[in-house]
Amino acid sequence: MSALSHTALLVVGHGSTENPDSSKPYFDHAAAVRAQGIFAEVHLAFWKEEPSLREVLYQIDAQEIYVVPDFISEGYFTQEVIPRELELTGATTQVHGKTIHYCPPVGVHPTMTTILSQRVEQEAPEVPREETTLFVVGHGTALNDNTTRAVIDQANLLAKRFPEFAAVHATFMEQEMFIEDWDKHCETPYAVVVPFFIADGLHSYQDIPVLLGFEENEGLPASQKDIFRQNPYQIRGKTLYYTSAIGIEPAVGEVIIDQVHSFREQHAVTDPVPPTKGPSLAQRLADIVAGGVNHIGEIAILTDHEQAPYALCQYQDIAQQETLKVSRDPFEAHKIATLAADGHFRFTKGELSLKRGWLFLLENAEDLRQALDLFYPASFALWIAEQEGRLQIQNLRPKLQRQTGMYRYAHTISDEGAQKLIQKVCGPSNCCVKKILWALDENTPLVDSPANTWPGHLSGVDPQKTIPLYCREACNHFVSQARKAAKAEADAARVEKNPH
Ligand code: SF4
């Protein structure tokens, strides 16, 4: 038995509220690590998607957790956001009875230079290198100086590895040297641009092509575009090759594992924390299903299927199971839960829009837990925590106050505006089936409304036989709507003060 066989790995990604492709590499990396069977559990958490960093710990059975940020650089997210959200105070922290080791992000690992160079070799193999300028593009931010460090370091390492290129530049979307000005720094007839991002999401598919000049406006998400296969682009008097993001390489899974081993070596971690005592979440799920619980959200949990101990389907499909497409892989649940039937991105999984037409046949309680955690991230664990009196609720004001960037403005929304917004955004009539547990702040409860008094399960199901979906803190969709409402309030106040 290895020193890691009782531990959990938590991979942390950014995620997106707009782009369904942004989180795909993280799921791929987690799957690659899981396949190796090194850790007892492998989990994912996101800043912008579910489960959130504040909720994922409820999902983890293991007492000892290695956290690896699936981020490119040591910077704002890895040094400020993730430690704050997970309540980490150093390399190893005791949090709510668990031992959490905080490893460096994947982007600073030496293998990333190899992955970058593979991108160049695969996607622009024929360029005459002495006539080519290589651009590595990162995001860049004024929030933390270190955010740019990994991009600059990688550009320098690439320059050493490929001395035959005419020049190698570190460039950024939001700071000097701006990628938008690539042609001003390109003295050669050829250019190769490599996005130093984990995901082919919003930035590499939609923003950078506009900045480079070969797309006129931000277009469709990655899954609906074919941007990289059109290389090379003839633009601004140059021949330009644009590669996909580096995080889509399967080798990143190995980098994640290596970051854990490096952490253990560097911090001399030797004594494994004892394994979890008491029943696992999977065992508890098996017990409550055996006790008669048969629904969660829009899903029916069936125990009478002749081919498997557990079956799942969309509740409207119960009577037509023989016509459904069967899967036996619980991780397929992520694909079904991502897009609604009309193709829109279900980034809030409480949304009443779960596709129909599928049937999961699951061999054991662990597979059942995995599938349900992908359909409704952390929901079963939050319910258990609530029953045991250890669920921490986050009220709206502190939630809005810890927003950053453009979302910081959301906290200026008035109490009245927030109460109205809940009625507009939440509740089943607005397509979210979750039960709200939070208040505006500790002195300001929510006013009664259909959205606020919703019980967290569909009408017509037996509440005693249903795992309720809890909204422990306002979701990112609500935050983005709060920002818009706050801006509208400020605009209205300006007009009232100065009508002309
Ligand atoms: S904030 Fe509202 S819309 Fe978002 S998850 Fe909670 S209940 Fe649903």
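Preceding this section is the structure that the text describes.
Because the structure is predicted, anything quoted here is derived from the model rather than measured.

**Here we look at the overall build of the protein chain**
Link 1 in the chain: The number of helices and strands found in the protein chain is 14 helices and 18 strands.
Link 2 in the chain: Its C-alpha atoms give the protein chain a radius of gyration of 24 Å, near enough to 23 Å, the size a compact globule of 500 residues would have.
Link 3 in the chain: Across its three principal axes, the protein chain shows a C-alpha extent of roughly 75 × 70 × 50 Å.
Link 4 in the chain: The 500 residues of the protein chain split such that 58% are buried.
Link 5 in the chain: Expressed as a percentage of contacts within the protein chain between residues at least 6 apart in sequence, the contacts between residues at least 24 apart total 75%.

**Some words on the sheet that holds strand β10 (residues 238-242)**
Within a sheet, neighbouring strands are paired by backbone hydrogen bonds and run either parallel or antiparallel to one another.
Link 1 in the chain: Strand order in the open sheet formed by five strands is β7-β6-β8-β10-β9, and the pairing between neighbours is mixed. Edge strands, defined here as strands with exactly one partner in the open sheet, are β7 (167-172) and β9 (233-235). Between one strand and the next, the sheet's axes are offset by a mean angle of 30°, whatever the strand orientation.
Link 2 in the chain: The pairing of strand β6 (residues 132-138) with strand β8 (residues 190-195) spans six bridges and is parallel.

**A short note on the pairing of strand β13 (residues 310-314)**
Link 1 in the chain: Across the five residues that make up β13, a large majority, five, are buried.
Link 2 in the chain: Taken together, the four bridges between strand β12 (residues 299-302) and β13 define a ladder with antiparallel strand orientation. Each bridged residue has a counterpart across the sheet, and for Ile 299 the counterpart in β13 is Gln 314.
Link 3 in the chain: Pairing of β13 with strand β15 (residues 358-362), which is carried by four bridges, proceeds in the antiparallel orientation. Bridge pairing in β15 links Tyr 310 to Leu 362.

**Considerations on the side chain of Gln 314**
Link 1 in the chain: Checked against the element boundaries, Gln 314 lands in strand β13.
Link 2 in the chain: Reaching out from Gln 314, the side chain makes a polar contact with the backbone nitrogen of Gln 316 at a distance of 2.9 Å.
Link 3 in the chain: The contacts of Gln 314, once residues within four sequence positions are left out, are Glu 298, Leu 354, Lys 355, Arg 356 and Trp 358.

**A short note on the site of the ligand**
Link 1 in the chain: Every residue lining the ligand is accounted for by Thr 348, Val 425, Cys 426, Cys 432, Lys 434, Ile 436, Trp 438, Cys 471, Ala 474, Cys 475 and Phe 478.
Link 2 in the chain: In the shell around the ligand, the residues fall into nine nonpolar, one polar and one charged.

**Regarding the environment of Ala 91**
Link 1 in the chain: Take Ala 91: it is sitting in the loop between α3 (76-86) and β4 (92-95).
Link 2 in the chain: The class of Ala 91 is partly exposed, set by a relative accessible area of 29%.
Link 3 in the chain: The spatial distance from the C-alpha of Ala 91 to the C-alpha of Ser 379 is 29 Å, given a sequence separation of 288 residues.
Link 4 in the chain: Ala 91 has contacts with Ile 100, His 101, Tyr 102, Phe 263 and His 267, leaving out every residue within four places of it along the chain.

**Points about the packing of aromatic side chains**
Link 1 in the chain: The final tally for this structure, using the stated rule, is 15 aromatic pairs.
Link 2 in the chain: Ring geometry for Tyr 66 versus Phe 263: centroids 6.2 Å apart, planes at 80°, classification edge-to-face. Of this pair, Tyr 66 sits in strand β3 (residues 64-69) while Phe 263 sits in helix α7 (residues 251-266), and the two are 197 residues apart along the sequence. The exposure classification of Tyr 66 matches that of Phe 263, with both residues buried.
Link 3 in the chain: Three or more aromatic residues link up through ring pairs in this structure, and these residues are Trp 47, Phe 71, Tyr 76 and Phe 77.
Link 4 in the chain: Here Arg 483 stacks its cationic end above the ring of Tyr 407, 5.9 Å away from the centre of that ring.
Link 5 in the chain: Stacked on the ring of Tyr 409, the Lys or Arg Lys 487 has its end atom at 4.2 Å from the ring centre.

Basis of the calculations
Residues numbered from 1 in each chain as written. Predicted model: local features only at pLDDT ≥ 70, side-chain atom pairs only at ≥ 80, totals over all residues. Heavy atoms only, no water. Helix = DSSP H or I, 4+ residues; strand = E, 2+ residues; numbered from the N terminus. Rg over C-alpha atoms; globule rule 2.2 N^0.38 Å. Buried < 20%, exposed > 50% of the residue type's maximum accessible area, 1.4 Å probe, protein only. Contact = heavy atoms within 4.5 Å. Pairing = 2+ DSSP bridges. Axes fitted to C-alpha atoms, helices over the stretch in contact; angles between N-to-C directions. Polar contact = N/O pair within 3.5 Å; in protein donor to acceptor, adjacent residues only side chain to side chain. Near = heavy atom within 4 Å. Nonpolar A, V, L, I, M, F, W, Y, C, P; charged D, E, K, R; others polar. Phe/Tyr/Trp six-rings, centres within 6.5 Å; stacked < 30°, edge-to-face > 60°. Lys NZ or Arg CZ within 6 Å of the ring centre and 35° of its normal.

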